[in-house]
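Listed below, chain by chain, are the residues.
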Amino acid sequence: MKLCMIGTGYVGLVSGTCFADIGNKVICADIDYEKIRSLKSGVIPIYEPGLEEMIKRNVNQNRLAFSNNISESIRKSDIIFICVGTPTNKKTNAADLKYVFQVSNTIKSNLNKYKVIVTKSTVPVTTGDKIEKILKKNKFRTKYDVVSNPEFLREGEAIRDFVVPDRVVVGTNNTKALKIMKSLYMPIIKKNSRFFSTSRRAAELIKYASNAFLATKISFINEVANLCEVSGINIEDVSVGMGLDQRIGDRFLRAGPGYGGSCFPKDTRAIVTLAKKFKINLNIVSTVIKSNDNRSKILLDRILKIAKNKVNNKTIAFLGTTFKANTDDMRESPCLTLIPSLVKKGAKIVYYEPTGPKKEFDKIKKVHFSKDILGATKKADLVIIHTEWNEFKQLNLNKYLKNKNVIIYDMRNIYSPEKMKKKGIKYYSIGR
Ligand code: UGA
């Protein structure tokens with residue numbers, strides 16, 4: 001099938017490449033000239049394990065191409081995926097749909113034959129109806145169908161999540177469009193995955209409700225971790241003990257520094273705002289947002305307690321700064337509030353991040369990047385393990401920790417408190 005992904009951000013680029021890999025002809029189109037130029041020259045704008053090789057392979061096989069010409073890409077394709085961003089509108093907290101509607105207008109002007117228009121961007125309920133309204137006015141009087149097909153890819157695991165999905169959700173009441181979407185996904189749904197078709201509005205809500213639920217699970221376990229810390233209980237035991245109940249499940253019960261990234265914070269805010277429009281209060285999700293926002297204060301207080309309130313002029317090393325491992329994404333990373341707060345209290349920060357220095361810290365004095373772990377940790381008074389990259393999991397502590405009084409604060413519970421105690425290291429973690 002001939003596909004066009006409009007928007008070559010995370011969603012468009014990963015899904016477009018994976019669709020090409022299962023045999024489709026795909027154009028990834030974007031108005032960003034620089035992005036397309038660099039993709040054409042083989043430079044990938046995001047860090048995602050396995051993506052670069054997959055792009056190369058499919059470009060070489062002539063199944064994948066990049067273009068700045070959105071109109072032409074639409075005209076050449078049978079299925080158009082809208083994959084543009086829906087950032088939080090800072091005034092209203094709702095998802096900002098201006099890019100989605102801009103793209104819909106471009107599609108309207110290029111509807112030269114029947115096409116299925118698919119929203120992969122995360123969009124509030126009724127967006128599909130609005131896109132349909134825009135397309136109705138197309139001058140060709142062509143037939144089309146607007147379908148919702150939310151994505152459930154995790155950064156860092158995106159290719160695997162695409163190829164072996166827990167489910168593929170397609171929202172449409174139209175049998176022709178459903179048939180087309182089902183045959184598009186056939187190569188992967190054959191592998192025991194679940195294909196679920198429903199109404200367009202339900203598919204739109206499934207995406208928000210799923211992210212809000214996962215964010216709730218994380219905030220819940222983080223609050224239980226707070227309780228564990230003052231009651232001498234190991235949060236990992238609680239997570240395992242709860243997760244063995246299949247009604248609860250063991251995934252997304254890892255306590256940590258709070259959820260970040262480009263999805264959970266934005267989508268929890270958007271679903272609450274959306275519900276308000278329908279005069280419904282999503283009290284649980286509202287509380288989750290507050291709980292997660294409050295997490296950085298709890299962590300800061302804990303750091304100050306661990307350091308006996310002496311962070312002024314102390315060197316604090318951060319291992320990892322992105323919102324989680326296996327991504328270069330800094331959006332809503334917990335350290336974006338923690339690091340400036342520590343600097344305000346007089347601390348000097350040295351950070352090592354496997355995906356390189358981060359522009360977010362360029363303007364903060366006393367924050368320096370180190371190109372390796374040793375450079376970050378050798379003079380540190382406190383080492384904070386902020387993300388769970390593999391290279392932090394087997395640290396040679398004799399080599400990296402030169403200061404005898406150094407303290408480790410492991411925000412991802414990578415190490416065993418007992419083993420650290422045996423080694424004589426002052427070690428703190430989350431909920432243990
Ligand atoms: C999330 C969802 O997991 C995807 O299904 C969805 O498609 C995506 O958002 C999206 O809407 O595009 P992502 O933001 O890439 O994916 O990352 P996650 O692996 O879900 O992690 C989100 C945050 O939760 C991270 O800060 C992570 O450290 C944190 N987390 C996750 C925990 O603190 N504990 C856990 O047990 C799991």
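First, a word on scope: everything that follows refers to the structure included in this document. Because the structure is predicted, anything quoted here is derived from the model rather than measured.

Before going further, it helps to spend a moment on the packing of helix H9 (residues 200-231) against helix H12 (residues 283-306). Two elements in contact, H9 and H12, have axes separated by 9 Å at closest approach and are oriented at 40°. When the axes of H9 and H12 are compared, the pair comes out oblique. In the packing of H9 onto H12, the handedness of the crossing is left-handed. Across the interface between the two elements, Ala-212, Ala-215, Thr-216, Ser-219, Asn-222, Glu-223, Asn-226 and Glu-229 of H9 pack against Ile-284, Val-285, Val-288, Ser-291, Asn-292, Arg-295, Ile-298 and Arg-302 of H12. When the residues that make up the contact of H9 with H12 are grouped by side-chain class, the tally is six nonpolar, six polar and four charged.

Not every one of the 20 residues close to the ligand is listed here, only the nearest: Glu-151, Glu-155, Lys-207, Asn-211 and Cys-263. Within the contact set of the ligand, an oxygen atom lies 2.9 Å away from a backbone nitrogen or oxygen of Leu-153. Starting from 710 Å² of accessible surface for the ligand in isolation, the protein chains cover 95%. Contributions of two or more residues to the shell around the ligand are made by H9 and helix H11 (264-277).

Moving on to the side chain of Arg-200. Looking at the element boundaries, Arg-200 is found in helix H9. Only 3.0 Å separates the side chain of Arg-200 from the side chain of Glu-132, close enough to count as a polar contact. Those residues in contact with Arg-200 that lie beyond four places of it in its chain are Gly-128, Asp-129, Glu-132, Val-146, Val-147, Ser-148, Gly-171 and Thr-172.

On to the packing of H11 against H12. Direction vectors running N to C along H11 and H12 enclose 145°, while the axes themselves pass 9 Å from each other. Between H11 and H12 the crossing geometry is left-handed. Here Thr-268, Arg-269, Ile-271 and Val-272 of H11 lie close against H12, whose contacting residues are Val-285, Ser-286 and Ile-289. A per-class count over the contact of H11 with H12 returns four nonpolar, two polar and one charged.

The strand order across the open sheet built from six strands is S11-S10-S9-S12-S13-S14, with neighbouring strands paired in parallel fashion. The sheet is open, and its two edges are formed by strand S11 (367-369) and strand S14 (426-429), each paired on a single side. Mean inter-strand twist for the sheet, computed between neighbouring axes without regard to direction, equals 20°. In this sheet, S11 lies alongside strand S10 (residues 348-352) in parallel orientation, the contact comprising three bridges. Bridge assignment links Val-350 to a residue of S11, and that residue is His-368. Across the sheet, H12 touches strand S12 (382-385), strand S13 (407-410) and S14, and the angle it forms with S13 is around 160°.

With that out of the way, let us pick up helix H1 (residues 10-21). Helix length check: H1 (twelve residues) gives 17 Å between terminal C-alpha atoms against 16 Å at 1.5 Å per residue, within 8%. The element H1 is extensively covered by neighbouring structure, given that eleven of its twelve residues are classed as buried. Those residues of H1 that fall on the buried side of the exposure criterion are Tyr-10, Val-11, Gly-12, Leu-13, Val-14, Ser-15, Gly-16, Thr-17, Cys-18, Phe-19 and Ala-20. Within two residues after H1, Gly-23 carries a phi angle of roughly 105°, on the positive side.

The next subject is the nonpolar core. Among the nonpolar cores identified, the biggest contains 38 residues, and Phe-19, Val-26, Ile-55, Phe-66, Phe-81, Met-181 and Tyr-185 are the most heavily contacted of them. With sequence-adjacent residues up to four places away left out, Met-181 is seen in contact with Phe-81, Val-116, Val-118, Val-147, Asn-149, Val-170 and Phe-195. One finds Cys-228, Ile-235, Leu-253 and Ile-384 within the second-largest nonpolar core, a separate group that totals 32 residues.

Turning our eyes to something else, we now look at H9. Between its first and last C-alpha, H9 extends 47 Å over 32 residues, near the 46 Å set by a 1.5 Å rise per residue. In the stretch just after H9, Gly-232 is the one whose phi turns positive, near 70°.

Once their charged atoms are close, side chains differing in charge can pair, the charge on each being opposite to the other. Enumeration over the complete set of coordinates arrives at 24 salt bridges. Two residues, Glu-132 and Arg-200, come together in a salt bridge whose shortest N-O distance is 3.0 Å. In this pair, Glu-132 is assigned in helix H6 (residues 127-136) and Arg-200 in helix H9, connecting sequence segments 68 residues apart. Using a relative accessible area of 28% as the deciding quantity, one classes Glu-132 as partly exposed. For Asp-245, the salt bridge goes to Arg-247, with nearest N and O atoms at 2.8 Å.

Turning to empty space enclosed by the protein, a few remarks are in order. Inspection of the entire model under this criterion finds two cavities of 30 Å³ or more. Its volume calculated, the largest cavity comes out at about 40 Å³. Every residue lining the largest cavity is listed: Thr-119, Ser-121, Thr-122, Val-123, Ser-148, Pro-150, Glu-204 and Lys-207. Residue classes in the lining of the largest cavity are distributed as two nonpolar, four polar and two charged. Considering only enclosed or pocket space, the second largest cavity measures out at about 30 Å³ in volume.

What counts as what
Residues numbered from 1 in each chain as written. Predicted model: local features only at pLDDT ≥ 70, side-chain atom pairs only at ≥ 80, totals over all residues. Heavy atoms only, no water. Axes fitted to C-alpha atoms, helices over the stretch in contact; angles between N-to-C directions. Helix = DSSP H or I, 4+ residues; strand = E, 2+ residues; numbered from the N terminus. Parallel < 35°, antiparallel > 145°, perpendicular 65-115°, else oblique. Left-handed = near helix turned anticlockwise from the far one by under 90°. Contact = heavy atoms within 4.5 Å. Nonpolar A, V, L, I, M, F, W, Y, C, P; charged D, E, K, R; others polar. Near = heavy atom within 4 Å. Polar contact = N/O pair within 3.5 Å; in protein donor to acceptor, adjacent residues only side chain to side chain. Areas by Shrake-Rupley, 256 points an atom, 1.4 Å probe, with all protein chains shown as cover. Pairing = 2+ DSSP bridges. Expected span 1.5 Å × (residues − 1). Buried < 20%, exposed > 50% of the residue type's maximum accessible area, 1.4 Å probe, protein only. Core = buried A, V, L, I, M, F, W, Y, C linked by side-chain atoms within 4.5 Å. Salt bridge = Lys/Arg side-chain N within 4 Å of Asp/Glu carboxyl O. 1 Å grid on protein atoms, 1.4 Å probe; cavity = no way out; pocket = protein on both sides within 12 Å on 5 of 7 lines; lining within 4 Å. Points joined across faces, edges and corners; volume = space filled by probe spheres on them.

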